[in-house]
Amino acid sequence: MQNQDQHSSHDHSSHDKPKANDRNAHAATDHSMQDMTDHSAHATNQQVHRETGTHVSGPKAERAANARHDEHAQHATLDMQHGAKDHSAHAGHGTDHTGHEEMFRVRFWWSLLLSIPVLLYSEMIQMWLGFTPPAIPFAGWIPFVFSVVIFAYGGLPFLNMAVPELKDRKPGMMTLISLAISVAFIYSVAAQFINLGEGFFWELVTLIDIMLLGHWLEMRSVRQASGALNELAKLMPDTAERIHHGDMTETVPVSALKHGDLVLVRPGASVPADGEVVDGHSDVNEAMITGESVPVHKMAGAKVIAGTINGDGSLRVRVTATGNETALAGIMRLVEQAQQSKSKTQVLADKAAGWLFYIALAAALVTGIAWTIADAFNLEVLTRVVTVLVIACPHALGLAIPLVVAITTAMGARNGILVRDRLALEAAREIDVVIFDKTGTLTQGQFGVVDIATADGWDSDRALSLAAALESDSEHLIAQAIRRFARDRKLTLPSIRDFSALKGRGVQASVDGGTYYVGGPRLLEMLSLTLEGNIKTFTESANNNSQTVVYLVQSSTLENVSYAHGGSHAHNERSLARNSGQNKIIAAISIADVIRPESKRAIDELHKMGIEVAMLTGDSQAVAKAVANQLGIERVFAEVLPEHKDQKVVELQKLGKRVAMVGDGVNDAPALTRADVGIAIGGGTDVAIESAGIVLVHSNPLDVVKIFKLSRASYNKMIQNLWWAAGYNIVAIPLAAGVLVNWGILLSPAIGALFMSLSTIIVAINAQLLKRITV
């Protein structure tokens with residue numbers, strides 16, 4: 001074989017090459033996983049613990065169900081998971097309810113049980129249902145006694161959680177609930193001793209029961225909707241087989257693995273830690289991490305990700321990251337970070353709760369004044385005022401946004417969309433223009449074979465296998481592209497001999513007694529060959545698309561002109577020219593920075609959604625236009641210097657456009673930050689990911705379309721839920737104040753409680769319907 005340096009400088013180098021990052025697509029995905037881990041481990045880890053405060057353990061039942069996975073909680077970030085997920089979902093209540101799901105469940109069932117005597121011995125219930133309970137001594141005190149117990153046991157949590165809201169002078173959901181049950185309790189106790197008539201005992205206990213039930217169901221729904229984190233945690237195995245001296249294995253807890261350990265991953269087993277394959281080969285299922293359904297082939301030197309599933313082969317893996325440093329832990333931190341960032345709609349819901357507190361007080365005051373002026377201040381007026389305050393508590397408003405956010409975040413994670421900033425996801429619905437960086441985003445960022453044309457009597461696979469065999473020793477980008485294309489088509493390469501590099505022209509070798517050449521236009525010049533027929537047409541089309549073309553030439557001459565056999569450069573060229581009549585072009589191969597197969601469909605989908613698409617690249621106008629024409633992109637920014645990319649974003653923003661930027665490189669970071677929505681694609685660098693509000697796990701442009709679909713669907717659900725929640729108060733407060741009393745319509749606290757319950761159920765069901773939307 002000849003020197004590789006000679007071969008790598010052959011005629012391929014004489015052509016203009018598109019911008020390319022010569023990296024393997026799977027390696028890029030692996031790299032992006034580590035990027036997400038690196039950038040989130042520093043900032044996000046601190047943020048999670050800073051925002052959630054001390055860790056509060058989850059419900060006992062949940063701990064029991066997940067005991068197996070808690071053994072490796074420290075390396076799967078389960079501590080942060082349990083400490084953060086419920087907090088974010090309840091941000092709308094203005095306080096931290098972390099770990100209260102079990103408490104609300106237990107208190108609901110006990111309060112419901114204690115409510116039965118109150119209902120049985122309430123005169124209003126007896127009259128409605130037409131029954132008389134057993135007569136027992138002091139029966140008139142039963143509602144009072146049991147209501148006091150229920151208020152102290154079931155109502156006290158709401159009072160405690162209202163304290164921070166009042167201290168911050170920001171009344172919210174807990175203040176509203178506390179106001180309602182406190183007014184009902186105080187009035188009812190006074191009625192028991194001062195003869196104000198029948199109190200609100202049965203309304204009080206049913207109100208507390210409904211609130212406890214609502215909070216229990218809300219927290220359970222949010223936890224279930226956030227189950228993507230639990231599922232990610234369950235991907236991690238409990239144990240690993242560590243290889244020690246003598247190639248012996250020992251089973252150890254995953255938490256005991258250290259950087260540099262060698263582990264054995266058997267067929268069908270989960271990869272216990274991030275690492276690099278040192279021996280073996282197998283197909284690894286990475287769908288749970290990258291969203292790619294096709295297993296990825298791994299061999300020596302390939303990266304593997306913790307939690308992925310090994311196929312039929314055995315792998316020996318050198319551990320490069322464990323615990324909180326793994327890609328899986330990094331993904332979980334990104335999901336948690338997204339759950340803790342408030343959307344504008346969530347902020348609106350928080351404000352609405354505060355407004356409603358003051359609206360309820362104002363409505364009660366107006367009710368009291370109006371009824372006093374119309375009649376006189378009496379027990380009925382007091383009852384109306386209390387009723388307005390009691391039914392003003394909008395529990396559905398507290399559920400409207402958090403549940404949608406939790407479901408949206410989980411859906412995004414399952415579809416390979418990691419939302420670092422929830423504001424970015426919400427803003428995506430308003431985007432007018434999406435700018436794609438070309439290389440590595442719309443294209444694969446590496447040379448690849450675009451197409452092949454053959455002469456009559458030649459099969460494309462046979463021609464391709466010959467070309468790949470001749471290029472077998474070269475590290476040139478074009479040679480790699482041909483070999484990779486042949487490998488992907490599972491072609492068998494023939495053996496070659498008498499290889500030589502024709503400096504600046506191409507390569508030459510003998511195969512089965514025949515002599516073959518691979519090279520570009522300068523090789524054809526040297527062989528005095530001209531393009532004809534379909535090869536000529538193919539070349540013209542490739543040139544129009546700014547693609548590089550290399551040719552496979554067959555020669556039947558018996559004279560070997562290899563430099564290795566002696567002779568001057570000029571003498572050999574003359575010899576080749578003399579034999580040109582025996583040379584024939586048998587194939588032409590076009591090579592370019594290959595467009596991702598999903599790119600065209602992604603652009604078409606965005607156009608259908610009414611979103612304009614632009615492309616940004618540092619490549620020449622010719623290359624950029626060729627790619628844009630193939631994809632149907634109407635706006636192209638070509639020959640843009642890295643430091644000027646963000647200026648193109650500003651140009652569109654000055655035209656009144658709301659811009660999303662999709663990129664993967666370090667030089668894309670300023671543009672990602674400048675855009676209204678920054679989207680880092682899966683093969684991106686850590687700097688790009690840090691600059692983006694949304695991270696795509698997999699390098700698939702179609703996932704960009706999913707972002708906009710998810711954004712629009714989640715926003716619609718939020719607005720629908722806000723209306724369902726607000727509708728209860730819009731109707732209930734005026735009716736409770738007696739606006740329609742002249743028509744015989746007067747809302748009692750009992751009917752108000754039923755309305756409240758119905759509103760909460762509708763909001764919960766409507767949020768769950770979001771799961772039926774296909775993104």
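Residues numbered from 1 in each chain as written. Predicted model: local features only at pLDDT ≥ 70, side-chain atom pairs only at ≥ 80, totals over all residues. Heavy atoms only, no water.

Chemist: Could you give an account of the overall build of the protein, naming the residues involved and the relevant values?
Modeler: Within the protein, the regular secondary structure consists of 31 helices and 22 strands. In the protein, which comprises 775 residues, the proportion classed as buried is 56%. Within the protein, contacts between residues at least 6 apart in sequence are counted, and of these 74% link residues at least 24 apart. When the accessible area of the protein is evaluated, it comes to approximately 32100 Å², of which 56% is carbon and sulfur surface. (Helix = DSSP H or I, 4+ residues; strand = E, 2+ residues; numbered from the N terminus. Buried < 20%, exposed > 50% of the residue type's maximum accessible area, 1.4 Å probe, protein only. Contact = heavy atoms within 4.5 Å. Areas by Shrake-Rupley, 256 points an atom, 1.4 Å probe, with all protein chains shown as cover.)

Chemist: A description of the packing of aromatic side chains should follow, citing residues and the corresponding values.
Modeler: Within this structure, the stated rule accounts for seven aromatic pairs. When the centroid spacing of 5.8 Å and the interplanar angle of 35° are considered together, the rings of Phe104 and Phe158 count as tilted. Separated by 54 residues along the polypeptide, Phe104 in helix H7 (residues 101–120) and Phe158 in helix H9 (residues 142–167) bring together distant segments of the chain. Relative accessible area serves as the criterion here: at 0%, Phe158 is assigned to the buried category. For the pair Trp141 and Phe193, a centre-to-centre distance of 5.6 Å together with 65° between the ring planes defines the contact as edge-to-face. Here the residue Trp141 occupies a position in the loop between helix H8 (123–129) and H9, and Phe193 occupies one in helix H10 (residues 173–194), the gap between them amounting to 52 residues. By relative accessible area, which is 55% here, Phe193 ends up exposed. One residue, Arg429, lies across the ring of Tyr715, its end atom 3.4 Å from the ring centre. (Phe/Tyr/Trp six-rings, centres within 6.5 Å; stacked < 30°, edge-to-face > 60°. Lys NZ or Arg CZ within 6 Å of the ring centre and 35° of its normal.)

Chemist: Account for H10, naming residues and giving values.
Modeler: Its 22 residues give H10 an end-to-end C-alpha distance of 31 Å, which sits within 8% of 32 Å, the value for a rise of 1.5 Å per residue. Of the residues flanking the end of H10, it is Asn195, one or two places downstream, whose phi is positive at about 60°. (Expected span 1.5 Å × (residues − 1).)

Chemist: How would you explain the sheet that holds strand E21 (residues 677–680) if you had to name every residue and give the values?
Modeler: Within the open sheet, the seven strands sit side by side as E10-E22-E21-E20-E11-E18-E19. Their pairing is mixed. Looking at strand neighbours, the two that pair on one side only are strand E10 (417–419) and strand E19 (635–637), the edges of this open sheet. Going from strand to strand, the sheet's axes swing by 20° on average, the running direction of each strand aside. Strand direction decides the pairing type here: E21 and strand E22 (residues 694–696), joined by two bridges, are parallel. In the sheet register, Ile679 faces E22, and the bridge partner there is Ile694. (Pairing = 2+ DSSP bridges. Axes fitted to C-alpha atoms, helices over the stretch in contact; angles between N-to-C directions.)

Chemist: Could you give me a rundown of the pairing of strand E4 (residues 274–279), with the residues and numbers involved?
Modeler: Bridge count for E4 against strand E9 (residues 315–321) is five bridges, and the pairing is antiparallel. If you follow Val277 over to E9, its bridge partner there is Val317. The sheet contact formed by E4 and strand E7 (residues 303–304) spans two bridges and is antiparallel. Looking at the pairing, Gly275 lines up with Val304 of E7.

Chemist: Can you explain the environment of Ala364? Please cite residues and give values.
Modeler: Among the secondary structure elements, Ala364 is positioned in helix H15 (residues 344–374). Each C-alpha atom, one on Ala364 and one on Thr387, is 8.5 Å from the other, the two residues being 23 residues apart in sequence. Residue contacts for Ala364: discarding those within four places in its chain leaves Val385, Val388 and Leu389.

Chemist: Any chance you could break down a nonpolar patch on the surface for me, citing the residues and the numbers?
Modeler: Taken together, Phe138, Trp141, Val145, Val149, Phe193 and Ile194 make up a surface patch of nonpolar side chains, about 650 Å² in accessible area. Mapped by element, the contributors of at least two residues to the nonpolar patch are H9 and H10. On the basis of relative accessible area, Trp141 is assigned to the partly exposed category, the value being 36%. (Patch = residues over 30% accessible without salt bridge, like charges linked within 9 Å, V, L, I, M, F, W, Y side chains within 5 Å. Salt bridge = Lys/Arg side-chain N within 4 Å of Asp/Glu carboxyl O.)

Chemist: Could you give me a rundown of the confidence of the model for the protein, with the residues and numbers involved?
Modeler: In the predicted model, the protein carries a mean pLDDT of 75, and 73% of its residues have values of at least 70. Low pLDDT, under 50, characterises residues 1–98; the predicted model gives this stretch 242 contacts beyond four residues in sequence or across chains. Across residues 558–580 the pLDDT falls below 50, and counting only partners more than four positions away or on other chains, this stretch makes 34 contacts in the model. (pLDDT = per-residue confidence, 0-100.)

Chemist: Residues and numbers for the pattern of salt bridges, please.
Modeler: Tallied over the entire structure, the rule returns 16 salt bridges. The salt bridge involving Arg266 is made with Glu241; its shortest N-O contact spans 2.5 Å. Pair noted here: Arg266 is in the loop between strand E3 (262–265) and E4 and Glu241 is in strand E1 (residues 239–244), with a separation of 25 residues, a long-range link. The class of Arg266 is partly exposed, set by a relative accessible area of 40%. Between Glu250 and Arg242 there is a salt bridge; the shortest N-O distance is 3.3 Å. By relative accessible area, which is 16% here, Arg242 ends up buried. Within this structure, Arg242, Glu250 and Asp261 form a network of salt bridges that share partners.

Chemist: Provide a residue-level description of unusual backbone geometry, including the pertinent values.
Modeler: Unusually for a residue other than glycine, Lys490 sits at a positive phi of about 55°. Note that Lys490 resides in the loop between helix H21 (477–488) and strand E13 (497–502). Take Lys490: its relative accessible area is 73%, and that puts it in the exposed class. Even without a glycine there, the phi angle at Glu639 is positive, about 55°. Residue position: Glu639 is located in the loop between E19 and helix H27 (645–654).

Chemist: Pulling in residues and values, what's your account of the sheet that holds strand E17 (residues 583–595)?
Modeler: Spatial ordering of the open sheet is given by E12-E17-E16-E15-E14-E13, a layout of six strands whose pairing is antiparallel. Two strands lie at the open edges of the sheet, namely strand E12 (443–454) and E13, each paired on one side alone. Across the sheet, the mean angle from the axis of one strand to that of its neighbour is 20°, orientation sign disregarded. Taken together, the eight bridges between strand E16 (residues 548–555) and E17 define a ladder with antiparallel strand orientation. Within E17, the residue paired with Tyr551 across the bridge is Ala588. Against the sheet, H21 engages E12, E16 and E17, with an angle of about 70° to E12.

Chemist: Help me get a handle on the pairing of E3, residues and values and all.
Modeler: Alternating residues of E3 divide into Leu262 and Leu264 and Val263 and Val265, and every residue in both groups is buried. By the bridge criterion, three bridges tie E1 to E3 in an arrangement that is antiparallel. Paired with Glu241 across the bridge in E3 is Leu264.

Chemist: Describe the packing of H7 against H9, with residues and values.
Modeler: The geometry of H7 relative to H9 is characterised by a closest axis approach of 8 Å and an angle of 160° between their N-to-C directions. Judged by the inter-axis angle, H7 sits roughly antiparallel to H9. Handedness of the crossing formed by H7 with H9: left-handed. Residues Met103, Phe104, Val106, Arg107, Trp110, Ser111, Leu114, Ser115, Pro117 and Val118 of H7 lie in contact with H9, whose contacting residues are Ile142, Pro143, Phe146, Ser147, Val149, Ile150, Tyr153, Gly154, Pro157, Phe158 and Met161. Residue classes in the contact of H7 with H9 are distributed as 16 nonpolar, four polar and one charged. (Parallel < 35°, antiparallel > 145°, perpendicular 65-115°, else oblique. Left-handed = near helix turned anticlockwise from the far one by under 90°. Nonpolar A, V, L, I, M, F, W, Y, C, P; charged D, E, K, R; others polar.)

Chemist: Describe the environment of Ile707, naming the residues involved and giving the relevant values.
Modeler: Position of Ile707 relative to the elements: it lies in helix H30 (residues 702–737). Ile707 sits 290 residues away from Ile417 along the chain, and the two C-alpha atoms are 7.4 Å apart. Once residues within four sequence positions are removed from consideration, Ile707 is found in contact with Ile417, Leu425, Ala428, Ile679, Ile694 and Leu696.

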